[in-house]
Amino acid sequence: MTGDRTSAGPPGGGDGPDDALLTVRAGEGDEEAFAVLVRRHAPALVRLATRLLGGRAEAEDAVQDAFISAWRKLPEFRGDSAFGTWLYRIVTNRCLNILRARKPQDPLDAVQEPAAPAHTVAPDRIAEGRAAVGDLHRALADLSAEQRTCWILREGDGQSYAFIADTVGISQQAVRARVFRARRHLTNALGAWR
């Protein structure tokens, strides 16, 4: 399912108040209500920020900054969108600011590769997989921050164009154009792996 996955109540349909009620309580200063919202949304937001920034430590810092900002701005939250969408927007904007402030080329050595599985894999397959991951990281680094963000929200997070447009603050048509350009670039850059 695509769309706003972050606006629902507790993950998995569990017990507890929904986001709307918790947001009202948190806006009135209820720290425990805000703590529930943090626990509920932090894992997805850290995954998103890690995909956007390429490193978990920097992603966790960005999400923490976003939650601090959200806490301060809660009294201003009008509820025009779901609380989860609002958080996605804050985290995405924070990540975009970080990406724009970076030097043009970050060293790819700083990007952590996933750990190899415990089972035995042929060395040539390991080398091939690492080369493919390296090519993907380089291709993603060549995208503009906006294209990368839209592509990751769409392809990596499975979000709808409407959700991305609301989160990034642009039209759906602009989101579609950025995702299209990103796909075209990645297809060309990764053509050898087809």
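Within each chain, residues carry numbers counting from 1 in the order of the written sequence. Only residues with pLDDT of at least 70 get local features here, since the model is predicted, and only at 80 or more are side-chain atom pairs given and counted; chain-wide, interface and lining totals rely on the full set of residues. Water and hydrogen atoms play no part in the side-chain values, which are based on all heavy atoms of the structure.

1. Brief notes about the pattern of salt bridges
In a structure, side chains of opposite charge can pair up when their charged atoms sit close to one another. By definition here, a salt bridge exists when the distance from a side-chain nitrogen of Lys or Arg to a carboxyl oxygen of Asp or Glu is within 4 Å. Evaluation of the coordinates by the stated rule reveals 8 salt bridges. Glu146 is the salt-bridge partner of Arg100, the closest N and O atoms lying 2.4 Å from each other. Residue Arg100 is found in helix H4 (residues 83–101), and its partner Glu146 is found in helix H6 (residues 145–156); the two are separated by 46 residues along the sequence. Only DSSP runs of H or I reaching four residues or more are called helices, and only runs of E reaching two or more are called strands; each is numbered from the N terminus.

2. Some points on the nonpolar core
Nonpolar side chains in soluble globular proteins tend to be buried together. Grouped together as the largest cluster of nonpolar side chains are 48 residues, with contacts concentrated most on Phe34, Phe83 and Val91. Not counting residues within four places of it along the chain, the set of residues in contact with Val91 comprises Leu45, Leu48, Ala49, Val63 and Ala66. To qualify as a nonpolar core, a set must consist of buried Ala, Val, Leu, Ile, Met, Phe, Trp, Tyr and Cys residues joined through side-chain atoms within 4.5 Å. Buried means the residue's accessible area, taken with a 1.4 Å probe over protein chains only, is under 20% of the maximum for its type, while exposed means over 50%, and partly exposed covers the values in between. Working rule for contacts: check all heavy atoms of both residues, and any pair within 4.5 Å makes them a contact.

3. Quick look at the packing of aromatic side chains
For any pair of aromatic rings, geometry is given as the distance between the ring centres together with the angle between the planes. Two aromatic rings, drawn from Phe, Tyr or Trp (for Trp, its six-membered ring), form a pair once their centres lie within 6.5 Å of each other, and the interplanar angle then sorts them: stacked below 30 degrees, edge-to-face above 60, tilted otherwise. Throughout the structure, instances matching the rule amount to 6 aromatic pairs. Between Phe34 and Trp71, the ring centres sit 4.9 Å apart and the planes meet at 55°, which makes this aromatic pair tilted. Taken together, the residues span a long stretch of sequence, with Phe34 in helix H2 (residues 31–53) and Trp71 in helix H3 (residues 56–73) at a distance of 37 residues. On the accessibility criterion, Phe34 (9% relative accessible area) is buried. On the basis of an interplanar angle of 40° and a centroid distance of 4.7 Å, the ring pair of Phe77 and Trp86 is categorised as tilted. On the basis of relative accessible area, Trp86 is assigned to the buried category, the value being 12%. Remark: a charge is flagged as sitting over a ring if the NZ atom of Lys or the CZ atom of Arg is within 6 Å of the ring centre and within 35 degrees of the ring normal. For Arg154, the ring lying beneath its charged end belongs to Tyr161, and the centroid distance is 4.2 Å.

4. Notes on the environment of Ala62
With respect to the element layout, Ala62 can be found in helix H3. What makes Ala62 buried here is its relative accessible area of 1%. Each C-alpha atom, one on Ala62 and one on Asn93, is 9.7 Å from the other, the two residues being 31 residues apart in sequence. Look past the residues within four positions of Ala62 in its chain and what remains in contact with it is Leu53, Arg94, Cys95 and Ile98.

5. Section: the confidence of the model for the chain
Confidence scores labelled pLDDT are given residue by residue by the predictor and lie between 0 and 100. On average, residues of the chain carry a pLDDT of 79, and 74% of them reach 70 or more. The low-confidence segment residues 1–14, where pLDDT is below 50, has 32 contacts with residues more than four positions distant or belonging to other chains.

6. Structural notes on helix H1 (residues 19–27)
Buried within H1 we find Asp19, Leu22, Thr23 and Ala26. For H1, the buried positions fall inside an angular range of 100° around the axis, keeping them on one side. Residues of H1 that are buried make contact with H2, H3 and H4. With its phi angle positive at about 100°, Gly29 sits one or two positions after the end of H1. Here the arc refers to the directions that run from the helix axis out to each C-beta atom.

7. Here's the deal with the packing of H2 against H6
In this analysis, axes come from line fits to C-alpha atoms, helices being fitted only over the stretch in contact, and the angle between any two N-to-C directions falls in the range 0 to 180 degrees. The N-to-C vectors of H2 and H6 enclose an angle of 135°; their axes lie 10 Å apart at closest approach. One finds that H2 runs oblique with respect to H6. Judged by the sense of rotation from one axis to the other, the crossing of H2 with H6 is right-handed. Contacts from Leu48, Arg51, Leu52 and Leu53 in H2 reach Arg148, Thr149, Ile152, Leu153 and Gly156 in H6. Working rule for angles: under 35 degrees goes down as roughly parallel, over 145 as roughly antiparallel, 65 to 115 as roughly perpendicular, anything else as oblique. Take the far helix as your reference; a near helix turned counterclockwise from it by less than a right angle gives a left-handed crossing, and one turned clockwise gives a right-handed crossing.

8. So, the side chain of Arg148
Looking at the secondary structure, you find Arg148 in helix H6. Polar contact is defined as a pair of N or O atoms within 3.5 Å, subject to the rule that within protein one atom must be able to donate a hydrogen and the other to accept it, and that residues adjacent in sequence are counted only when both atoms are side-chain atoms. In terms of polar contacts, Arg148 uses its side chain to reach the backbone carbonyl oxygen of Arg51, at 3.5 Å. Sequence-distant contacts of Arg148, that is, excluding residues within four places in its chain, are made with Arg51, Leu52, Leu53, Gly54, Leu99, Arg102, Leu140 and Leu143.

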